[in-house]
Amino acid sequence: ILGRRWADLEPIASRSKVAAEISGKQRTNSEYVVQQYYSNPLLLDGLKFDLRLYVVITSVVPLRAYLFKEGLARFCTVAYQAPSDKNLQDACMHLTNFAVNKKSKDFQAAESL
(Lines give C-alpha, C1' and ligand atoms only; values in the text may rest on other atoms or scores of the structure.)
Protein backbone atom coordinates (compact mmCIF):
# COMPACT_ATOMS: atom_id res chain seq x y z
CA ILE A 1 0.00 0.00 0.00
CA LEU A 2 2.80 2.45 0.82
CA GLY A 3 4.08 2.30 -2.76
CA ARG A 4 0.82 3.67 -4.16
CA ARG A 5 -0.01 7.29 -4.79
CA TRP A 6 -2.51 9.05 -2.53
CA ALA A 7 -5.02 9.21 -5.40
CA ASP A 8 -5.03 5.39 -5.42
CA LEU A 9 -5.70 5.30 -1.67
CA GLU A 10 -8.41 7.95 -1.58
CA PRO A 11 -11.29 5.44 -1.97
CA ILE A 12 -9.96 3.50 1.02
CA ALA A 13 -9.50 6.62 3.13
CA SER A 14 -12.99 7.88 2.29
CA ARG A 15 -14.47 4.75 3.90
CA SER A 16 -12.75 5.42 7.21
CA LYS A 17 -14.60 6.32 10.39
CA VAL A 18 -13.14 9.83 10.41
CA ALA A 19 -14.31 10.46 6.86
CA ALA A 20 -17.78 9.26 7.84
CA GLU A 21 -17.88 11.62 10.83
CA ILE A 22 -16.75 14.58 8.75
CA SER A 23 -19.23 13.91 5.97
CA GLY A 24 -22.05 13.23 8.43
CA LYS A 25 -22.85 9.89 6.79
CA GLN A 26 -24.02 7.10 9.07
CA ARG A 27 -21.99 3.89 8.93
CA THR A 28 -23.11 0.49 10.10
CA ASN A 29 -20.92 -1.82 12.17
CA SER A 30 -21.04 -4.45 9.44
CA GLU A 31 -18.79 -2.27 7.27
CA TYR A 32 -15.78 -2.69 9.58
CA VAL A 33 -13.55 -5.70 10.11
CA VAL A 34 -12.16 -5.68 13.64
CA GLN A 35 -10.03 -8.80 13.50
CA GLN A 36 -9.74 -12.15 11.84
CA TYR A 37 -9.20 -15.44 13.65
CA TYR A 38 -6.42 -17.63 12.23
CA SER A 39 -6.94 -21.31 12.93
CA ASN A 40 -3.36 -22.16 11.93
CA PRO A 41 -1.34 -19.47 13.77
CA LEU A 42 2.40 -19.10 14.15
CA LEU A 43 3.34 -20.68 17.51
CA LEU A 44 6.25 -20.23 19.89
CA ASP A 45 6.89 -23.29 22.08
CA GLY A 46 3.37 -24.44 21.18
CA LEU A 47 1.74 -21.23 22.42
CA LYS A 48 -0.13 -18.56 20.49
CA PHE A 49 1.37 -15.10 20.84
CA ASP A 50 1.11 -11.62 19.48
CA LEU A 51 3.52 -8.72 19.22
CA ARG A 52 2.70 -5.07 19.69
CA LEU A 53 5.20 -2.74 18.07
CA TYR A 54 4.98 1.03 18.09
CA VAL A 55 5.82 2.97 14.93
CA VAL A 56 5.58 6.67 14.16
CA ILE A 57 5.33 7.62 10.49
CA THR A 58 6.46 11.20 9.98
CA SER A 59 6.40 11.21 6.19
CA VAL A 60 4.84 9.06 3.50
CA VAL A 61 6.68 10.46 0.46
CA PRO A 62 9.49 9.87 1.07
CA LEU A 63 8.63 7.20 3.61
CA ARG A 64 10.09 8.00 7.02
CA ALA A 65 9.13 5.76 9.94
CA TYR A 66 10.58 5.27 13.41
CA LEU A 67 10.25 2.05 15.39
CA PHE A 68 10.21 2.46 19.17
CA LYS A 69 12.96 0.46 20.94
CA GLU A 70 10.52 -1.49 23.09
CA GLY A 71 7.43 -3.50 22.26
CA LEU A 72 5.13 -5.97 23.92
CA ALA A 73 4.80 -9.73 23.49
CA ARG A 74 1.72 -11.47 24.85
CA PHE A 75 1.34 -15.24 25.12
CA CYS A 76 -1.46 -17.70 25.75
CA THR A 77 -0.92 -19.86 28.81
CA VAL A 78 -2.34 -23.10 27.37
CA ALA A 79 -0.74 -24.98 24.45
CA TYR A 80 -2.60 -24.33 21.22
CA GLN A 81 -4.85 -26.90 19.57
CA ALA A 82 -6.95 -26.28 16.49
CA PRO A 83 -10.41 -24.99 17.45
CA SER A 84 -12.98 -27.69 18.19
CA ASP A 85 -16.22 -27.92 20.10
CA LYS A 86 -14.26 -29.26 23.08
CA ASN A 87 -11.67 -26.46 23.38
CA LEU A 88 -13.22 -23.38 21.79
CA GLN A 89 -14.31 -22.06 25.20
CA ASP A 90 -10.74 -22.23 26.57
CA ALA A 91 -9.89 -18.56 26.28
CA CYS A 92 -6.37 -19.11 27.63
CA MET A 93 -5.66 -21.29 24.57
CA HIS A 94 -7.07 -19.00 21.91
CA LEU A 95 -6.73 -15.41 23.22
CA THR A 96 -3.52 -13.61 24.11
CA ASN A 97 -5.27 -10.96 26.22
CA PHE A 98 -3.39 -10.27 29.44
CA ALA A 99 -6.63 -9.84 31.39
CA VAL A 100 -7.70 -13.37 30.40
CA ASN A 101 -4.37 -15.17 30.86
CA LYS A 102 -3.37 -13.60 34.19
CA LYS A 103 -6.13 -15.71 35.80
CA SER A 104 -4.59 -18.95 34.52
CA LYS A 105 -2.73 -21.28 36.90
CA ASP A 106 0.08 -21.37 34.31
CA PHE A 107 0.52 -17.58 34.12
CA GLN A 108 4.07 -16.31 34.64
CA ALA A 109 4.63 -12.61 35.19
CA ALA A 110 7.39 -11.02 33.11
CA GLU A 111 10.64 -10.30 34.84
CA SER A 112 11.64 -6.65 35.16
CA LEU A 113 13.72 -5.32 32.31
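See the structure above.
One structure accompanies this document, and this report is about it. Every value quoted in this text rests on a predicted model; they were computed, and no experiment measured them.

### Observations concerning the packing of aromatic side chains
This model, assessed by the stated rule, comprises two aromatic pairs. Look at Phe98 and Phe107: their rings are 5.5 Å apart centre to centre, the planes differ by 70 degrees, and that puts the pair in the edge-to-face class. Judged by its relative accessible area of 28%, Phe107 falls in the partly exposed class.

### Details of unusual backbone geometry
Cis rather than trans, the peptide bond between Val61 and Pro62 has omega equal to -5 degrees. Of note, Pro62 is situated in the loop between β3 (55–59) and β4 (64–67). Positive phi is not limited to glycine here, since Asp45 has a value of about 55 degrees. The residue Asp45 is located in the loop between β1 (43–44) and β2 (47–52) in this model. Note on Asp45: relative accessible area 77%, which makes it exposed.

### Remarks on the environment of Lys48
Checked against the element boundaries, Lys48 lands in strand β2. It is 9.5 Å that separates the C-alpha atoms of Lys48 and Cys92, two residues lying 44 residues apart in sequence. The residues contacting Lys48, other than those within four sequence positions of it, are Tyr37, Pro41, Leu43, Arg74, Phe75, Cys76, Tyr80, Met93, His94 and Thr96. At 2.9 Å, the side chain of Lys48 and the backbone oxygen of His94 are in polar contact.

### Thoughts on the sheet that holds strand β5 (residues 72–75)
An order of β1-β2-β5 is seen for the three strands of this open sheet, with the pairing classed as antiparallel. Each edge of the open sheet is held by one strand with a lone partner, namely β1 and β5. In this structure, β1 lies alongside β2, joined through two bridges in antiparallel fashion. When the sheet's bridge partners are listed, Leu44 is paired in β2 with Leu47.

About the criteria used
- Residues numbered from 1 in each chain as written.
- Predicted model: local features only at pLDDT ≥ 70, side-chain atom pairs only at ≥ 80, totals over all residues.
- Heavy atoms only, no water.
- Phe/Tyr/Trp six-rings, centres within 6.5 Å; stacked < 30°, edge-to-face > 60°.
- Buried < 20%, exposed > 50% of the residue type's maximum accessible area, 1.4 Å probe, protein only.
- Helix = DSSP H or I, 4+ residues; strand = E, 2+ residues; numbered from the N terminus.
- Contact = heavy atoms within 4.5 Å.
- Polar contact = N/O pair within 3.5 Å; in protein donor to acceptor, adjacent residues only side chain to side chain.
- Pairing = 2+ DSSP bridges.

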